[in-house]
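# Coordinate inspection notes
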Amino acid sequence: KMADLSNTCIGFLGCGKISSAVCRGYAGATGNHRPKKILVSLRSADKSAALKAAYPDLIHVVESSEELVAEANVIFLGLLPGVAREILPTLPFNSSKFVVSMMAAVDLQETLELTKMPADRLVRTVPLPSAANRSGPILVHPANADLERILSIVSTPVVCAVETNMKPMVAITGHISSFFELMKTTQDFIVDNGVEANVARQF
């Protein structure tokens, strides 16, 4: 079951490619699965501006990380390790919030220490770009029913009971580009042999 976010503010600390994809997934959700408000940090100004332009009534760009953490109910972390270690301990996290780490190079235990969040209010995840279209899987560790309901709005949670299990699964995401290139080449072959493009795409 997906979460009701109609009265929830979501915040994104960091605004790189993956953060942008997840943000777009939530912004494009419908009904009570769409957040009441989305806050995006000013980092990667071009990406945050693009998100604001796409969803002007929903997405708000904030300069202050403190303001973002203070206001958001659910905070997604998409920071580089050095930045995370510098700023996370200074921010007003508390046990009323949920935190979703999308940081590839910072493990769960370190993120808990940096944010001082309770263990049952934080998960480590590996989202994929397909989250922008609310499809595809998202790795989650540890299991957390509340956060899985929130994440299921943009992706299908795949829970890893052991954190180290995430590494080999992340490694195979390197096949994504080659897989889609193979599909494109296959489609081009069909079109080159006289089949209409939309028919080739459907097939």
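In short, a report on the structure. (Residues numbered from 1 in each chain as written. Predicted model: local features only at pLDDT ≥ 70, side-chain atom pairs only at ≥ 80, totals over all residues. Heavy atoms only, no water.)

## Considering the pairing of strand β4 (residues 74-77)
Burial along β4 is two-sided: the residues V74 and F76 and I75 and L77 are all buried. Across four bridges, the pairing between strand β1 (residues 9-13) and β4 is parallel. Bridge pairing links G11 to I75 in β4. Two strands pair when backbone bridges link them, and β4 and strand β5 (residues 98-101) are joined in this way by four bridges, in the parallel orientation. Following the sheet pairing, I75 is matched in β5 by V99. Between the parallel elements β4 and β5, the chain passes through helix α4 (residues 81-87) in a crossover that is right-handed. (Buried < 20%, exposed > 50% of the residue type's maximum accessible area, 1.4 Å probe, protein only. Helix = DSSP H or I, 4+ residues; strand = E, 2+ residues; numbered from the N terminus. Pairing = 2+ DSSP bridges. Right-handed = clockwise from strand over helix to strand, strands pointing away.)

## Things to note about the nonpolar core
Grouped together as the largest cluster of nonpolar side chains are 29 residues, with contacts concentrated most on F12, Y26, I38, F76, I150 and L151. Mapped onto this core, the elements with two or more residues apiece are β1, α1 (17-27), β2 (37-41), β4, β5, β7 (137-141) and α6 (145-151). When residues in this core are grouped by element, the largest group, four residues, is from α1. Judged by nonpolar contacts, the second largest core, of 23 residues, contains L77, A84, F93 and L108. (Core = buried A, V, L, I, M, F, W, Y, C linked by side-chain atoms within 4.5 Å.)

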